[in-house]
Structure formats: C-alpha cells, structure tokens
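Residue strings, one per chain:
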2 protein chains.
Amino acid sequence: MEPPHIVIIGAGFGGLACAKAFGRSSCRVTIVDRCNHHLFQPLLYQVATAGLAAPAIAAPTRFLLRTYRNIRTLLADVQAIEPAGRKVVLDDGSTLEYDFLVVASGATHSYFGRDEWAAHAPALKTLADAQHIRRRILQAFEFAERAATAEETRSWLRFIVIGGGPTGVELAGTLAEIARHTLPQEFRRIDSRSAEVHLIELSDRVLSAFPAALSDKARQQLQRLGVTVNTGARVTGIDADGVSLQDGSRLPSHTVIWAAGVQGSPLGRFLDAPVDRAGRVSVLPDLSLAAHPEIFVVGDLANTTSRGKPVPGVGAAAKQMGHRAACNILARMANTKAESFAYRDYGMLATIGRNAAVGTVGGLQMSGRLAWLFWLCVHLFYLIGFRNRLVVLLDWAWSYVTFERAARIFTTPDKRE
Amino acid sequence: MEPPHIVIIGAGFGGLACAKAFGRSSCRVTIVDRCNHHLFQPLLYQVATAGLAAPAIAAPTRFLLRTYRNIRTLLADVQAIEPAGRKVVLDDGSTLEYDFLVVASGATHSYFGRDEWAAHAPALKTLADAQHIRRRILQAFEFAERAATAEETRSWLRFIVIGGGPTGVELAGTLAEIARHTLPQEFRRIDSRSAEVHLIELSDRVLSAFPAALSDKARQQLQRLGVTVNTGARVTGIDADGVSLQDGSRLPSHTVIWAAGVQGSPLGRFLDAPVDRAGRVSVLPDLSLAAHPEIFVVGDLANTTSRGKPVPGVGAAAKQMGHRAACNILARMANTKAESFAYRDYGMLATIGRNAAVGTVGGLQMSGRLAWLFWLCVHLFYLIGFRNRLVVLLDWAWSYVTFERAARIFTTPDKRE
C-alpha cells in the first residue's frame, strides 16, 4: 500500500512547522506555496524601512526542507480546493490528490470593502509589498527635495500610517527615526527632520492587544520619537493626495501605509466550513473540520480557542498549530486519539524604535531599553538559518552605531512583465 | 560673483569620482542620476545569480556624498542636453543650467538592432536587471520540477549565456556551480546536475580582451565546471523557446541571458560631437569636446585613447577619467593648463567560479586559485563602504564553506505600477 499523501498549502510558520513534523514519518508530503521562500514576517517592516535586505529575512522553502526526502516542495499558486474529490487545483490546471490536507495559507490585508484605497495606501504582507513600500518612502524624500512649492514639499514630508497594531507602531517609529537620525545630513533643500509621521488608530489606544499600561508606554515612546499618535480616529477617505478623517480633518500626503486590517486567505471559502467576518475558518479543537475530518486548518486562517480564549494571529501560535495538526494526522493514521490544540503563550512583544519596545513575558510587563533588548534577542534567535542571523546582527549592530540603514536602495519597477 | 555650477550626469564610477574631486572646491556641484544608488557593477552578476542581496553592492549616492556640503544629489532622469543654452532638461520638464557639464551616463546593452530579442534574453546592467535575471534562473528550476514532459524539463534545465566577455564568463561559471553544487539535494523529480549551461561567443575565444593563453585557461576552467563553450558561433534568432545559430543548430531553452553588446548612453547624441558605431562620443585628449570646451565626457560613454591605445570600458578607467575631468575643469577655472588623460592600467581580472579566475597584473599572467584569491581581495577592497564589505565577506565565506547562496529569493513582479 502506498503511504498516505499529505498536502500542505502555505510555507509560512504554520505550514513549515507542519511539514517538519512529518519529516521523520513514512508519509509522502507535498508543500505548495506561491513564493519560493519562507518569510520571517516579524521583521518584514525592517525590509520596508530599508533596514534589512530582503534575502536577510527569507530562505528558500526547499532549502529549509532539503534533508527530508519524503517532502516535496512545489512552487505553485493554489486556485481551488475540492474537498469532495480530495483535490487541490493548481495554477496550471493540474491537480494534487490528497489523503490529508493542511490549509496554512494565512491571512491577507483587508481594506474593509474599500479596495480602491489599496493603490494609495499599500499594505505590508509580502517581500514585494515591503520593497514597494520602501521605494515609496525613499522616493518621498527625493520628491520633497525636488518639489516646486513649499506646500508640495510638506505633502511629501508627511507620512501616514493607518492602524496602531504592532506593524503600524513599528513602521511609524522607524519612519520617525529615519527622518530624524538617518537622513538629516544628506539633503540640501529640505530638512528631513521636519517630516511628520502620523499614526492613525480607530480604537482609543495603540497596541490594543496589550495591557493598557503598555499601550500608554508605547504612545509615550512614539511621541518621544516625534510620531503624532491619533487614536479614536476613523479614516473616511484615501486618495493620491492624502487622507480624510471622520472629524472632517484632512492630512495631505503622498505616502500612506495601511496596517489596519487582515482577512483570512480566500482559500478558506472552499472548505464547506463556517467562515467568520474576518474570513477565518472555524475548526474543531483538534484543528480539523467538522465536515471533513481529513482537512486541517492552521495559523492565521484558523478561528479557534485555547482554554476558552481566542488564539491570537501570531507566528508562535501558527507554528504550534502546524505541529499539532501533523501530530493529529499521524495519530489518526495510527488509530490513536487526536489531541485538542492548546496554545502555549510565551508573551507578546512590540518594538517601536531604538531602545524602545513594550512586552509581556510570563505575566511580567516591560518597556523601554530592556524590552527592546529582549525583543532583539528573541528575533535573532528565531530568525531562521544561521547565516541570516549573523548578517542581521551585523546590519543591526552597524545601524545602531551609525544610525545608517543597510538597505536604502530601490529599483525602478520592472516593466518587462 | 556666484561660484560656477558644475552638473554631473550619472553617479557611476566616473560621475562619483568626478563629484568627489570637486568636494573640497568652492564650486557648486549637482550630480543627477535616475537611480538613488551608486552601484558596484563588477559584482552585479552575484546579485543575478543569487549570491548577494542587492543592497550589498549598492549605496545611496547622497549618502556617499553627504559630507560635501557643496554637492547636491538629484534623483532625476535626464531627457535632453542643450549645449547651445548650457542646459540639462529633466524628466519633469525643469532644467538645470551649467557652467561646466560632465556627462558620465555610461553605456547600456545593445542587441545590434534586434531589439525584439530583449524580451527573451534579458541583459545585465542595473539592479532591476539582476533581480529579473535571478528570478528567471530560479524559476527555471522550479518550472523544470513541475514540467509535464521530459522535453519541457530539458528545456527548462538548459541555460544559454550569449557573449563570452567577463560578464558572460562569470554568469556561465556561476550557473554551472549552482546546478552542480547548490541545488542537487533540493529537488525530488529533477536532477539539477543534469542542467546544461551553454556559453555562446561570436569570436574564436572567450575573454578576447585578455592574452590568448588566459582565454585558453578560462575555457578549460569553464569546461571543468561543466559549461559547454561554443566559440565562433553566431546567434541568428532568439524567441521564447530557444536560440538559433547560424550553423542551423537550435538550442531549446527558456532561460537566455544576453551579455554580448554594449552601446553608449543615448545622451551622447545631444552633444554636437562625433559618435562612433558603439554610440561613444569622441573627446579631446583632456576629455572635453572640440565644439564645447565646457562639456566633458568620461567613462564608458567616452571614446578616447591613452598613449596611443584605446581606453577599455572598465570601472578603473571611468574613475580615473572622472577625476581627470574634475581636475581639468578646476584648471580651466584657474586659467592653468588642462592635462591629457593618461590611463593607469593596473591589469585585468575575470572570475569564473570557485577557485577559478584569470588575470594579468603588472604584466604577470595568473589563473586558477591564485587569480581567484586575488580577484576576491581586489573586489572586497574596492567595494564601497565598510559595512557592505563585511556583509559581502560574510556571505562569501558562508557560501564557500556550504555551497549555499545567500540570496536565493525572488518576488513576483509588482503589478501596481
């Protein structure tokens, strides 16, 4: 009898952990992703803000899985899932048949039905997004230097980040640092220190998933860096020239970044399972689907609870779910009992800038330099691959000493394809 | 009286050296480039073959010139030069008036009138080119793994490099190494070692600017790496499915790289000066133009001789010309005599792969590991910026030990612009 075939969709934290857990089994595994690389998403904002080169936070998926001879990596875009026929349909029309399916295709950004905003307020999810945002940020200063009027100069020197979650806070803090510390010497007409960075958040505090005291600390640290923190503000319009708020105010700007909403991958809709407002798929406690016990959903796409609390959409949770799904599939094959997913929460960290961060670790709250050092260690430790860690460490040490950023390079868009 | 205004077009080796030579003068200098970065072109093939990240070989031009308060860096695309009015026209329609102009806009690739080949055989000149070629190379192996027929697999595993100069030799050698050493473990259906790399050269030997004995050494080293060296071969057609040669043979391939021809920048045609077949502008011995003594041309765009011999289109020559042009402008302003350009030739080096290179230094010929080590030291030394050098050294040390390449990452083309 042929060993069972497991198909994993997505090579993010969830999919990769799941694949590795099958690495020493007798199953045949195929992992499908539309990118050739696994991305260390927590540092993506560093690529967007020119602190790191793209290859520093990504590694080829097939390289990471090269030693597992039973795992095949496929670069392909999944078009559909057919649970009735146990088939995954790929972009070239070919299909993959599976005995078990793990859907780990994650989340994408959501403009809450205002998709026309996407052109003016790019979001940060992929390396291509990060390189696009990097270009927009660096070009804004260049255009400011060349602007014909004082008004245009001010527009180019106003940066707006929408969404006060960890990504928005990281982007706003880093943008303020670039304007204040990295660029001042380099321009002759503009003073880059006069750049404004606005962080706009709908709720009444930034980092709303953190304890309120840490939200306050984060706001203070952002303000110290020069960020204007605008909470309780609803965006009603975004166009090429700026952002309109519900209170009637208008912020002229050509550089708006969207860090406000996420939404489950569209593949969730193929699974004959309930999908919540954010596009996440409801799963049983063992991460499988009620109607399809051979399908598991893990990571940001899964809507699940652990000990009565909703599991947050973070990398650590996705990793743990990926591992749990693999163990449960192996248990199913061995006719032993699958276990419920239990999230081990090691805490939360958000960085704001140089020596500035907030975090909770084992019930302990911390902020400032200590939190930042802790954040640094954790991220270096988890960043996949020994080489990447060294390069990142070197780049960071260098930036810390000099305020220079290692990747202030952009290329003009490729018109060839 | 206002100090004279010098405009430099191009921030390559020539333009940057020229700007720096004005750095301690009283002139006002504006350096214009359409990229935000100075590029260390000799290592561009490493970005194309996934050995280095783009930011490792480039640095923002305004960062490199930040300490010279009299130099202004402008990100702009020059549309035209009006020598009669002493004006440079920029992409937004604005103009720059100059007292002296240094044109250092370099060369671009030439398909010898067959521009329809460009879509199928990208050339390597900019970082965007390098990232495009990197994607094509990495995707070829991915498509081979997914190909439906054995014939298609073979097509995807056949790489063709056209042009046996230093760039072509470097690309072909590195491609063979990737197929033989980097990838073998990672694919399940294909054997990456079965990939063919063809180097096609019109003349009867590779590296024709080098002594014939070193061309032979280079050919041997390429063949040892597994490259098929096809000299005396004329390309008569390139399309999406392969390359046709004059002898009637056909090489089916989807990955063709053009390293055959260069041509002076189109700005050369605005200068009221004779332009040769390769688009290079004839200059007087002091690098200025006969009809316009206030215009200088340096680098790959200049057609000049030194001690009766044509000056080669290499970075060292461009640097020396940029410096000479600046000194001659300062001499002109001081009413002292301008000097003729004299090229100091330190030798030539071309790398082929791991421990494989050829070179001449001070009349001495070398090849193999010694030449390769020498090449390594020279390139690390000249690569601009302390940080870049360290990162590059680290990446290279790591690849040398592991055969892994640091930047095997590509992103899907950005559809947003």
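Here, the structure is the one placed above.
Residues numbered from 1 in each chain as written. Chains lettered and ligands numbered in written order. Predicted model: local features only at pLDDT ≥ 70, side-chain atom pairs only at ≥ 80, totals over all residues. Heavy atoms only, no water.

> Explanation requested: the relation of the copies chain B and chain A in the structure shown.
Two copies of one chain are present, and they are related through a rotation about an axis combined with an axial shift. Note on the copies: chain B fits chain A at an RMSD of 0.0 Å, the axial shift is 0.0 Å, and the rotation between them is 180 degrees. When the rotation and shift are considered jointly, the pair of chain copies conforms to a two-fold rotation axis. Comparing interface residues between copies, 100% of those in chain B also sit at the interface in chain A, which points to an isologous, same-surface contact. (Least-squares fit on C-alpha atoms with pLDDT ≥ 70 in both. Contact = heavy atoms within 4.5 Å.)

> Help me out: how do you make sense of the sheet that holds strand β13 (residues 227-230) of chain B in this one?
One key point about sheets: their strands pair by backbone hydrogen bonds, in either a parallel or an antiparallel sense. Residue and element names in this part refer to chain B. Overall, parallel pairing links the four strands, which are arranged β13-β12-β11-β17 in an open sheet. Whereas interior strands pair on both sides, the edge strands pair on one side only; in this sheet they are β13 and β17 (255-258). Adjacent strand axes in the sheet meet at a mean angle of 20 degrees, parallel and antiparallel pairs treated alike. Bridge count for strand β12 (residues 196-200) against β13 is four bridges, and the pairing is parallel. Considered in β13, the bridge of I200 is made with N230. (Pairing = 2+ DSSP bridges. Helix = DSSP H or I, 4+ residues; strand = E, 2+ residues; numbered from the N terminus. Axes fitted to C-alpha atoms, helices over the stretch in contact; angles between N-to-C directions.)

> I'm lost on the environment of G10(B) in this one. Help?
Among the structural elements, G10(B) can be located in the loop between β1 (5-9) and α1 (13-21). Once the C-alpha coordinates of G10(B) and V102(B) are considered, the two residues, 92 residues apart in sequence, prove to be 8.7 Å apart.

> It is not clear to me how the pattern of salt bridges should be interpreted in this structure. Could you clarify?
Opposite charge on two side chains makes pairing possible when the charged atoms of those side chains draw close. Residues and elements named next belong to chain A. Under the definition given, this model contains 28 salt bridges over all chains. Put simply, E2 and R28 hold a salt bridge, and the shortest N to O gap is 3.7 Å. With E2 in the segment before β1 (5-9) and R28 in strand β2 (residues 28-33), this residue pair connects regions lying 26 residues apart in the sequence. D191 is the partner of R193 in a salt bridge, and the nearest nitrogen-oxygen pair spans 3.1 Å. (Salt bridge = Lys/Arg side-chain N within 4 Å of Asp/Glu carboxyl O.)

> Quick question: what am I supposed to make of the sheet that holds strand β15 (residues 242-245) of chain A here?
Residues and elements named next belong to chain A. Taken together, three strands build an open sheet; the order of strands is β14-β15-β16 and the sheet is antiparallel. At either margin of the open sheet sits one strand with a lone partner, and together these are β14 (235-239) and β16 (250-252). Adjacent strand axes in the sheet meet at a mean angle of 10 degrees when their direction is disregarded. Here three bridges tie β15 to β16, and the two strands are oriented antiparallel to one another.

> Teacher, can you tell me more about the pairing of strand β9 (residues 100-103) of chain A here?
In the case of a regular strand, side chains alternate between the two sheet surfaces. Residues and elements named next belong to chain A. Burial of β9 is two-sided: the residues F100 and V102 facing one way and the residues L101 and V103 facing the other way are all buried. The sheet contact formed by β1 and β9 spans four bridges and is parallel. Considered in β9, the bridge of V7 is made with L101. As paired elements, β9 and strand β20 (residues 295-297) share three bridges and run parallel to each other. Each bridged residue has a counterpart across the sheet, and for V102 the counterpart in β20 is F296. (Buried < 20%, exposed > 50% of the residue type's maximum accessible area, 1.4 Å probe, protein only.)

> I would appreciate a short explanation of the environment of W117(A) in the present structure.
Residue and element names in this part refer to chain A. By secondary structure assignment, the location of W117 is in the loop between β10 (107-109) and α4 (127-146). Judged by its relative accessible area of 5%, W117 is buried. The spatial distance from the C-alpha of W117 to the C-alpha of F270 is 27 Å, given a sequence separation of 153 residues. Those residues in contact with W117 that sit more than four places away from it in its chain are Y111, V235, T236, G237, I238 and W258.

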